[in-house]
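As a plain string of letters, each chain reads:
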Amino acid sequence: MYHTTLGAHRLIYRSRMTHYVKTGLIDHALHVFDEMTQSNCRVFSVDYNRFIGVLVKHSRYDLAEHYYYEMAPQGFSLTPFTYSRFISGLCNVNNFTLIEKLLRDMDRLGSVPDIWAFNIYLNLLCQENSIHYALEVFDRMADKGREPDVVSYTIVIHGLCKAGRFDNAVEIWNGMISKGFRPDTIACTALVVGLCGGGKVDLAYDLVIGEMKGGVEFNNLIYNALISGFCRARRIDKAQAIKLFMKRNGCKPDLVTHNVLLNYCCNEFMLEEAEKLMRQMEKIGMKLDAYSYNGFLKGLCKDNRPEKAYLFMKNMMEPKGLCNVVSFNTIIMACCKGGQTRRAYKLFQEMFQKGILPDVVTFTILIGAFLREGSSDVAKKLLDQMTGMDLLPDRIFYTTIIDHLCKSGKIAMACDMFNDMLEKGITADVVLYNALISGLCRASRVTEAMHLYEEMQTRGCFPDESSFRDTD
């Protein structure tokens, strides 16, 4: 009779908790669960599993951890499914310490997370640039009896490409194929976009051409990555061939496809071809965007035709509301390179009149130009204006100023600005290190230059030819 009564009480507790959970009153459910565990009612492993699952679902991870540690001394453990839910939830808050603790506990119990939990953890590791550890987890999956699936391979391939480890990405791809997995569209996209982004367009094409002919449906992202890759390699014939293949396979070239080809024409000074392509785009009802027009502006400016670029912006872009800060920056840059700093400054003033606010790039271009021509008063005025607009300097801005200070012999100010930049969490690149090393060498501060040269390498920034020349 006593046990029957306790069983009835347990059912009442469970019923109350279920009611509170369904109505979203998690704190009330917490109170009832605590009341149940402190009563004479016998609590089972299933009660902890259900309740921890509820806490995880509602992102109450600290409490889930508390009850996890509370259940262990009672000889209870989570089921593989609850462990999987807990691990995937902790991935949302990057709690690597507890995730690893749960995985170790599962090892001791001889259980393995579900594949979807493994994949969520793999994805987090890759997002956090922990690709080395992601590979360890990936390799451990099979050892634990949980074979990776296509999603697992896709995540790792994407992570390796993002880290620039293209050979490893290809190795993982080949391993997936050898195990009989059929890559899907997402897997192909990860490989092609990753390899093409790293300048490995031929390799990307060779690896997926079989899948292309084998029935895997390729999307615009894959085709556009290949077209862009071949355009960057200046192999327009191959890019055009892929565009035709794309159309034949029922994948309609989109705005991105055309913008890639338009950008190629502009970079190669094929401005008449670029204009022809823009007319074709309009003829088929494709609405050109700011990127399309800014690409053409850039082409005109590269061809030293800033005035034509300005008229194009004024007559073609402004009426369509497509003129933006990038448009002005492109023409301002061209004017400054051509020694037309006053004209550039007038364009800067015109931006405000048109309601287009300058950005850090605008100020960097103008301040650099005025410093080079010796107009430090104008540069100072621009710097004050930039500060007044609460625009934060970036690495390129610091490089511009530090390079000028070094060339002007103001090496102490350059060093102070460099340290200020590092304190703000902005990392230096090889160009900036070279500017400062060169300045130190010109100031006969060779020992400091050598220390800086060693420091750049310890920070993971590797020297180029200019670095060696400056330290000779």
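Residues numbered from 1 in each chain as written. Predicted model: local features only at pLDDT ≥ 70, side-chain atom pairs only at ≥ 80, totals over all residues. Heavy atoms only, no water.

Caption draft 1: Unusual backbone geometry, seen in detail. Of note, the phi angle at Arg-234 is positive, near 60°, even though the residue is not glycine. The topology assignment puts Arg-234 in the loop between helix H13 (220-232) and helix H14 (236-248). (Helix = DSSP H or I, 4+ residues; strand = E, 2+ residues; numbered from the N terminus.)

Caption draft 2: Looking closely at the packing of aromatic side chains. This structure, assessed with the given rule, holds 19 aromatic pairs. Here the aromatic rings of Phe-51 and Tyr-67 are separated by 5.6 Å at their centres, their planes lie at 80°, and the arrangement is edge-to-face. Taken as a pair, Phe-51 in helix H3 (residues 45-57) and Tyr-67 in helix H4 (residues 61-71) lie far apart in primary sequence, 16 residues in all. Here the aromatic rings of Tyr-68 and Tyr-69 are separated by 5.9 Å at their centres, their planes lie at 65°, and the arrangement is edge-to-face. Every member of this aromatic cluster is reached through a ring pair, and the members are Tyr-345, Phe-348, Phe-352, Phe-363 and Phe-370. Against the face of Phe-269 rests Lys-302, its NZ or CZ located 5.5 Å from the ring centre. Over the face of the ring belonging to Tyr-310 we find Arg-343, whose NZ or CZ atom lies 4.7 Å from the ring centre. (Phe/Tyr/Trp six-rings, centres within 6.5 Å; stacked < 30°, edge-to-face > 60°. Lys NZ or Arg CZ within 6 Å of the ring centre and 35° of its normal.)

Caption draft 3: Structural view of a nonpolar patch on the surface. A cluster of nonpolar side chains, Phe-81, Trp-116 and Ile-120, forms an exposed patch at the surface whose accessible area comes to about 280 Å². Relative to the assigned elements, Phe-81 resides in helix H5 (residues 80-91). (Patch = residues over 30% accessible without salt bridge, like charges linked within 9 Å, V, L, I, M, F, W, Y side chains within 5 Å. Areas by Shrake-Rupley, 256 points an atom, 1.4 Å probe, with all protein chains shown as cover. Salt bridge = Lys/Arg side-chain N within 4 Å of Asp/Glu carboxyl O.)

Caption draft 4: Focus on H5. For H5, spanning twelve residues, the distance from its first C-alpha to its last is 17 Å, which sits close to the expected 16 Å at 1.5 Å a residue. Among the twelve residues that make up H5, nine are buried, leaving the element largely enclosed by the rest of the structure. Of all the residues in H5, the buried ones are Thr-82, Tyr-83, Ser-84, Phe-86, Ile-87, Ser-88, Gly-89, Leu-90 and Cys-91. In this structure, the buried residues of H5 make contact with H3, H4, helix H6 (96-109) and helix H7 (115-127). (Expected span 1.5 Å × (residues − 1). Buried < 20%, exposed > 50% of the residue type's maximum accessible area, 1.4 Å probe, protein only. Contact = heavy atoms within 4.5 Å.)

Caption draft 5: Spotlight on the nonpolar core. Within the largest apolar cluster, 155 residues are counted, with the highest numbers of intra-cluster contacts made by Phe-86, Ile-332 and Leu-436. Tallying contributions element by element places helix H21 (residues 360-372) first for this core, with eight residues. Those residues within four positions of Ile-332 in sequence are excluded, and the remaining contacts are Ala-344, Leu-347, Phe-348, Met-351, Thr-362, Ile-365 and Leu-366. (Core = buried A, V, L, I, M, F, W, Y, C linked by side-chain atoms within 4.5 Å.)

Caption draft 6: Up close: the packing of helix H2 (residues 26-37) against H3. It is the contact of H2 with H3, at a shortest axis distance of 12 Å, that shows an interaxial angle of 160°. When the axis of H2 is compared with that of H3, the two are roughly antiparallel. Handedness of the H2/H3 crossing: left-handed. Every residue of H3 that contacts H2 at Ile-26, Ala-29, Leu-30, Phe-33, Met-36 and Thr-37 is listed here: Asp-47, Tyr-48, Phe-51, Val-54 and Leu-55. Among the residues making up the contact of H2 with H3, the classes are represented as nine nonpolar, one polar and one charged. (Axes fitted to C-alpha atoms, helices over the stretch in contact; angles between N-to-C directions. Parallel < 35°, antiparallel > 145°, perpendicular 65-115°, else oblique. Left-handed = near helix turned anticlockwise from the far one by under 90°. Nonpolar A, V, L, I, M, F, W, Y, C, P; charged D, E, K, R; others polar.)

Take it as geometry only, folks, not as evidence of what the structure does.
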